[in-house]
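# Structural features, examined
This is what each chain is made of:
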Amino acid sequence: MLTIDSLSKSFDKGKNYALEDVTFDLKAGHVCAIVGESGSGKTTLVRLIAGLERPDHGSISLGDKVIASLDKFVQPEKRKIGLVFQEYALFPHLTILDNVLYGISKLKNKKERAQEMLDLVGLSNMGKRYPHQLSGGQQQRVALARALAPKPSLLILDEPFSNLDAMLRTQLRNEVFDIIKKTEVTVLFVTHDTQDALSVADEILILQNGKVVQKDAAANLYVKPNTLYVASLFGSTIHINKNLQTAFSCPLKESCCHAIRNEKIKVNPSANDPHCEYITRAEVVKKVELGDSTQLLLKLESGEQLSVMTQDKNVADTINIGFNSKDILEFDHE
């Protein structure tokens, strides 16, 4: 459905690139989440696909049609791409029904289509209300209805839940993607929240400094991250630097970067524990009770500090911690 080939964009004539040589594709009917920290290039990529910016290099295709390249540019309104922004971008002076009608004004059966979309998002009887009379979650569903009304080939959700509190975000995310599944539309879901991405995406694309560092199924990103950055996005991860290698007596290849998942560190392992090849002593600096688990801030004899989790409620002031070689993640140096 969507093919991105060697896409690059600079806003200062090539001195720096907001997006550099990005290549990936997206199958019809799939949900692809784009994840990255601020400044990673997520917004630039969305604006290029939507037609709000022109690429400096590369091309964008929808199906078998090129919609953007150095010598071709299809106007945004002709791309059949739906957009839902985090601010919703609803017209405050228009009713909910008129907001949905706005993008399909040329359709013969526009009112029927608009009402169909309001029915789909569970707002059948609210067409005469105005945006300020709705909750944030209801406004989000109106924005979704408006984006789906023209029957887009591709739907882009740009940080749609970031303005909501955690409990409402989870509920609304599930509702929105249940609606989207019914339409079978292809989706690009831009988010900084990895839990949102893991919950709904068929695959996840990771951007860092304008480049793609990994695109994979959600489960693989946790088990086989390409870089320390990707590993840290999908779970608490400890970089095993030279000081930690010395503290645990586990010399590792200098040509690589290594890390261990926080949950793979065992607290108070026995001397002959087969799951702990590398063990060191640690002083418990602080304990934080987190319901059924306790977070320990530890200081090693080398001076390094670590934070680990344990189910043990009766931890001594000085403990052993350890891990197994099979749980060590290894990457090329970043």
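Our subject is the structure listed above.
Below is a short write-up of the structure. (Residues numbered from 1 in each chain as written. Predicted model: local features only at pLDDT ≥ 70, side-chain atom pairs only at ≥ 80, totals over all residues. Heavy atoms only, no water.)

### Points about helix 4 (residues 136-148)
The condition that has to hold: Put simply, DSSP marks the helices as runs of H or I at least four residues long and the strands as runs of E at least two long, and each gets a number from the N terminus on. Expected helix span is computed as 1.5 Å times (number of residues minus one). Exposure is judged per residue with a 1.4 Å probe applied to protein chains only, and the accessible area is read against the type maximum: over 50% gives exposed, under 20% gives buried, and values in between give partly exposed. A contact between two residues is defined here by any heavy atoms of the two lying within 4.5 Å.
With 13 residues, helix 4 extends 19 Å from end C-alpha to end C-alpha; this agrees with the ideal 18 Å at 1.5 Å per step. Where burial is concerned, most of helix 4 is hidden: 12 out of the 13 residues are buried. Inspection of helix 4 places G137, Q138, Q139, Q140, R141, V142, A143, L144, A145, R146, A147 and L148 among the buried residues, and these make up the whole buried set. Those residues of helix 4 that are buried are in contact with strand 6 (81-85), helix 2 (96-101), helix 3 (110-120), strand 7 (154-158) and helix 5 (166-183).

### Points about the sheet that holds strand 2 (residues 19-26)
Note the threshold: Strands were regarded as paired on the criterion that DSSP finds at least two bridges between them. Every axis in this analysis is a line fitted to C-alpha atoms, fitted for helices over the stretch in contact. Angles between the N-to-C directions lie between 0 and 180 degrees.
Reading across from one edge, 2-1-4-5 is the order of the 4 strands in this open sheet, with antiparallel pairing throughout. Both edges of this open sheet fall to strand 2 and strand 5 (65-68), since each of them pairs with a single strand only. Each strand axis lies, on average, 25 degrees off the axis of its neighbour in the sheet, ignoring direction. In the packing of helix 1 (residues 42-50) onto the sheet, the strands contacted are strand 1 (2-9), strand 2, strand 4 (57-62) and strand 5, and the crossing angle to strand 1 comes to about 120 degrees.

### A closer look at the pattern of salt bridges
Stated formally: Salt bridges are identified by distance alone: a Lys or Arg side-chain nitrogen within 4 Å of an Asp or Glu carboxyl oxygen.
One pass over the full model with this rule turns up 12 salt bridges. Its salt-bridge partner being D56, residue K9 comes within 3.8 Å of it at the nearest N-O pair. Of this pair, K9 sits in strand 1 while D56 sits in the loop between helix 1 and strand 4; the two residues are 47 residues apart in sequence, bridging distant segments of the chain. A residue is classified by how much of its surface remains accessible, and D56, at 34% relative accessible area, is partly exposed. Each member of the salt-bridge network shares a partner with another, and the members are R169, R173, D193 and D196.

### Quick notes on the sheet that holds strand 3 (residues 31-35)
Spatially, the 6 strands line up as an open sheet ordered 6-7-8-3-9-10, and their pairing is mixed. Both edges of this open sheet fall to strand 6 and strand 10 (211-216), since each of them pairs with a single strand only. For this sheet the average axis-to-axis angle between neighbouring strands, irrespective of direction, equals 20 degrees.

### Some details on the pairing of strand 4
Within a regular beta strand, the side chains point alternately toward one face of the sheet and then the other, so they alternate between its two faces. The element strand 4 is largely enclosed, with a buried count of 5 among its 6 residues. Relative to strand 4, strand 1 is paired through 5 bridges, and the arrangement is antiparallel. By the bridge assignment for strand 4, I4 is matched with I60. Across 3 bridges, the pairing between strand 4 and strand 5 is antiparallel. Along strand 5, the bridge assignment pairs L62 with K65.

### Points about empty space enclosed by the protein
To keep it simple, the criterion reads: In this analysis a 1.4 Å probe is tested at points of a 1 Å grid over the protein atoms alone, and where it fits but cannot get out there is a cavity; an open set with protein on both sides within 12 Å along at least five of seven lines is a pocket; lining residues have an atom within 4 Å of a point. Grid points are joined across faces, edges and corners, and a volume is the space filled by probe spheres set on the points.
Per the stated rule, a full pass over the model turns up 1 cavity of 30 Å³ or more. Lining the largest cavity are I238, I240, L244, F248, I260, I265, L306 and F323.

### Considering the layout of surface pockets
The criterion, for reference: Each residue gets one of three labels, nonpolar for Ala, Val, Leu, Ile, Met, Phe, Trp, Tyr, Cys and Pro, charged for Asp, Glu, Lys and Arg, and polar for the others, Gly among them.
Each pocket or cavity is described by its volume, and for the largest pocket that value is around 650 Å³. Surrounding the largest pocket, 18 residues form its lining, I81, G82, L83, G103 and P150 being those nearest its centre. Listed by contribution, the elements that provide at least two residues to the lining of the largest pocket are strand 6 and helix 4. If you tally residues by element for the lining of the largest pocket, the top one is strand 6, at 4 residues. Grouping the amino acids of the lining of the largest pocket by side-chain chemistry returns 12 nonpolar, 3 polar and 3 charged.

### Let's talk about the state of the cysteines
The line we're drawing: A pair of cysteine sulfur atoms is labelled a disulfide when the two atoms are within 2.5 Å.
Using the criterion set out here, one finds 0 disulfides in the structure. Looking at the unpaired C250, the closest cysteine sulfur is the one in C276, lying at 12 Å.

### Details of the nonpolar core
The line we're drawing: Here, nonpolar core means buried Ala, Val, Leu, Ile, Met, Phe, Trp, Tyr and Cys residues that are tied together by side-chain atoms lying within 4.5 Å of each other.
Among the nonpolar cores identified, the biggest contains 46 residues, and L144, L155, F177, I180, V187, F189 and I204 are the most heavily contacted of them. Tallying contributions element by element places helix 4 first for this core, with 6 residues. Among all residues touching L155, those that are not within four sequence positions of it are G82, L83, V84, L144, A147, L148, I180, V185, T186, V187 and L188. One finds I4, F24, I60 and L205 within the second-largest nonpolar core, a separate group that totals 25 residues.

### Some remarks on the packing of aromatic side chains
Note the threshold: A pair of aromatic rings is counted whenever rings of Phe, Tyr or Trp (Trp by its six-membered ring) have centres within 6.5 Å, and the orientation is called stacked for planes under 30 degrees apart, edge-to-face for over 60 and tilted otherwise. Distance and angle both matter: a charge sits over a ring if NZ of Lys or CZ of Arg is within 6 Å of the ring centre and within 35 degrees of the ring normal.
Tallied over the full model, the rule gives 5 aromatic pairs. Aromatic side chains F161 and F189 sit 5.9 Å apart centroid to centroid with 70 degrees between the ring planes, which places their arrangement in the edge-to-face category. Here F161, found in the loop between strand 7 and helix 5, pairs with F189, found in strand 8 (residues 186-191); they are 28 residues apart in sequence, far enough to count as distant. Judged on exposure class, the residue F161 and its partner F189 are both buried. The ring of F73 has R79 lying over it, and the distance from NZ or CZ to the ring centre is 4.9 Å. Over the face of the ring belonging to Y222 we find R261, whose NZ or CZ atom lies 4.3 Å from the ring centre.

### Side note on the environment of T23
What counts here: Polar contact is the term for a pair of N or O atoms within 3.5 Å; when the atoms are in protein, one must be able to donate a hydrogen and the other to accept it, and sequence-neighboring residues count only if both atoms are side-chain atoms.
Within the secondary structure, T23 sits in strand 2. Its relative accessible area of 45% is what places T23 among the partly exposed residues. Polar contacts involving the side chain of T23 include one to the main-chain amide nitrogen of S6, which spans 2.8 Å.

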